[in-house]
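# Structure assessment
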Amino acid sequence: MSAKNHPPASILFIFGGSGDLNHRKLTPALFNLFLDEWMPEQFIIAGIGRSDYSDESFRDHLLEGVNKFSRRKGEEKWSEFSQHVAYLQMDGDKSSDYVKIADFVKEKSEKWETPPHVVFYLAVAPQLVPAIANNLGKLDMCADKHKTRIVVEKPFGHDLKSAQELNTQLRSLFAEEQIFRIDHYLGKETVQNILAMRFSNALFEPLWNRNYIDHVQITAIETVGLEGRGGYFEQSGALRDMVQNHILQILCMIAMEAPVSFEANEVRNKNLDVLNALRRFSKEEVAENTVRGQYGKGTNKGKDVTAYRDEKGVAKDSNVETYAAARFFIDNWRWQGVPFYVRTGKSLKEKETHVIIQFKTPPHNTFPTEAAANWRPNRMTISIQPSMDIRIRFQVKRPGQTMNLDPAEMLFDYNSAGDHAPEAYETLLLDALEGDPTLFMRGDQVEAAWEVVMPILTYWEKHQADDFPNYEPGSWGPDKADELINRDDREWVNVL
Ligand code: BG6
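Everything quoted here is computed from the prediction, not taken from an experiment.

Reading guide: rules and limits
Residues numbered from 1 in each chain as written. Predicted model: local features only at pLDDT ≥ 70, side-chain atom pairs only at ≥ 80, totals over all residues. Heavy atoms only, no water. Phe/Tyr/Trp six-rings, centres within 6.5 Å; stacked < 30°, edge-to-face > 60°. Helix = DSSP H or I, 4+ residues; strand = E, 2+ residues; numbered from the N terminus. Buried < 20%, exposed > 50% of the residue type's maximum accessible area, 1.4 Å probe, protein only. Lys NZ or Arg CZ within 6 Å of the ring centre and 35° of its normal. Pairing = 2+ DSSP bridges. Axes fitted to C-alpha atoms, helices over the stretch in contact; angles between N-to-C directions. Contact = heavy atoms within 4.5 Å.

## Thoughts on the packing of aromatic side chains
Here the structure, examined in full by the defined rule, presents 22 aromatic pairs. With centroids separated by 6.1 Å and ring planes inclined at 70 degrees, the aromatic side chains of Y295 and Y471 adopt a geometry described as edge-to-face. Here Y295, found in the loop between β8 (290-293) and β9 (298-300), pairs with Y471, found in the loop between α13 (443-462) and α14 (479-486); they are 176 residues apart in sequence, far enough to count as distant. Judged by its relative accessible area of 1%, Y295 is buried. Of the aromatic side chains, those joined through ring pairs into one cluster are Y232, F233, Y295, Y308, Y323 and Y471. Looking at K108, its charged tip hangs above the ring of F104, at a distance of 5.3 Å from the centre.

Structure below.
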């Protein structure tokens, strides 16, 4: 994440090599890194799976993914890139198969005349992680904590207890600095830009506290529904799927103290401080500060949408939320009393992720009421996707002989700022190859994030929602989410 270097000679093993994540995200990201000349001279991407592929047919399969999902298609450079792609057919559960990995690495070391760095990327269902990690941990090469690392996808655990167990298991096999827990939101350019904006300017920091900020909103909503992931979502729900990880990570970036340096653990310590200061709700506070929703049948963007409970893999009386909103508080000096409203959901009106920083009103009204009829509070809007920009709203005098105030906006637009922004997985894969863990979650951060959501999860699991389904596809979510914020004389901001 800091000044990027070219990674050393590397082998990236992708467990779940023939799966969806590799097809849609990982190989397209690696191909873009290759086109941008970030990949080392000597590297191999080895897909691992049970399916029967030759190197050749595996490359063809990945090329389809690149042509469909990559920001750049597999034109003439593909054949050069594909020479770095191989396939290893093996069963991740079978410890005797792991000799194939050891042999593969040995052969490349001899050929390259240098021992490569080895990254194991576990793009597999969470229940497969413990067995694979166990088998990998037994390989001699994994004792080298500088040259080998393991990347674990989300969900990291199902609750606090299972996350602690997984951490304990991984730490018994690898050193913490070898474990890269991925949260792809941290790789998004606009998310990283929050840190750049906050900590490289003198302008904002003096105002960035309870004295000047009225409240913060974080919205990460989607138009899509389950996309065939009914089985997964029934075990997850919106709170686990989006809040425990992505949204809390954005919140940390907004709320953290200034790191002394960009050293990985320094940034992560400051992030952890925020998670530790987030209020753990009592039962009464859960009822007061959270809202859940589930979509029914309807239409969205002209398409019919099946009710959540009628989706494949979903129970007819499912209590699982497809929408979650909360009002969080950070109990420290900087943020005491400032609400952080967050919301996320599926099958909603727009796909948008943004942060709103709403400033307080000036302490005294200098201008007559008529002049200030259009007055609006200062607001910073950080759009993460699909727009990628930062807007600051302030007041100006309307040109003319009378004194009238109008809101105006200053805009920084990523798209007009030069090169196309890399995808989150490009940044994160390059960091994993370089061994830079700054944008990956440390074990204690993951556990602290679980601690924040556990009271809500427990309460929701114990108390059946009696109003599900309670929002229509194509809407902004349940009415109760509006009530949550309107009660405080505030409203959700939709950036369109
Ligand atoms: C994933 C969730 O982590 O993030 C998905 O499991 C969600 O349910 C996705 O759709 C959203 O990611 P993005 O990058 O499209 O906002």
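## Describing the sheet that holds strand β11 (residues 323-328)
The eight strands are arranged β8-β11-β12-β7-β13-β14-β15-β16 in an open sheet whose pairing can be described as mixed. Each edge of the open sheet is held by one strand with a lone partner, namely β8 and β16 (405-413). Strand-to-strand twist in this sheet, taken as the mean axis angle between neighbours without regard to direction, amounts to 15 degrees. Of the pairings in the sheet, the one linking β8 to β11 comprises four bridges and is antiparallel in character. Across the sheet, the residue bridging to R292 is A324, located in β11. Those strands touched by helix α9 (residues 238-255) are β7 (213-221), β11, β12 (340-345), β13 (352-359) and β14 (379-385), and its axis lies near 145 degrees from that of β12. The strands touched by α13 within the sheet are β8 and β11, with β8 carrying the most contacts at an inclination of about 55 degrees.

## Quick look at the sheet that holds strand β4 (residues 117-122)
Pairing is parallel across the open sheet formed by six strands, whose spatial order is β3-β2-β1-β4-β5-β6. Unpaired on one side and paired on the other, β3 (85-89) and β6 (179-181) mark the two borders of the sheet. In this sheet, neighbouring strand axes are inclined to one another by 20 degrees on average, regardless of whether the strands run parallel or antiparallel. In this structure, strand β5 (residues 148-152) lies alongside β6, joined through three bridges in parallel fashion. Residue V152 lies in a different strand from β6, and its bridge partner there is R181. In the packing of helix α1 (residues 20-35) onto the sheet, the strands contacted are β1 (10-15), β2 (43-49) and β4, and the crossing angle to β1 comes to about 165 degrees. Where helix α2 (residues 55-69) meets the sheet, it contacts β2 and β3, and its direction lies at approximately 115 degrees from that of β3.

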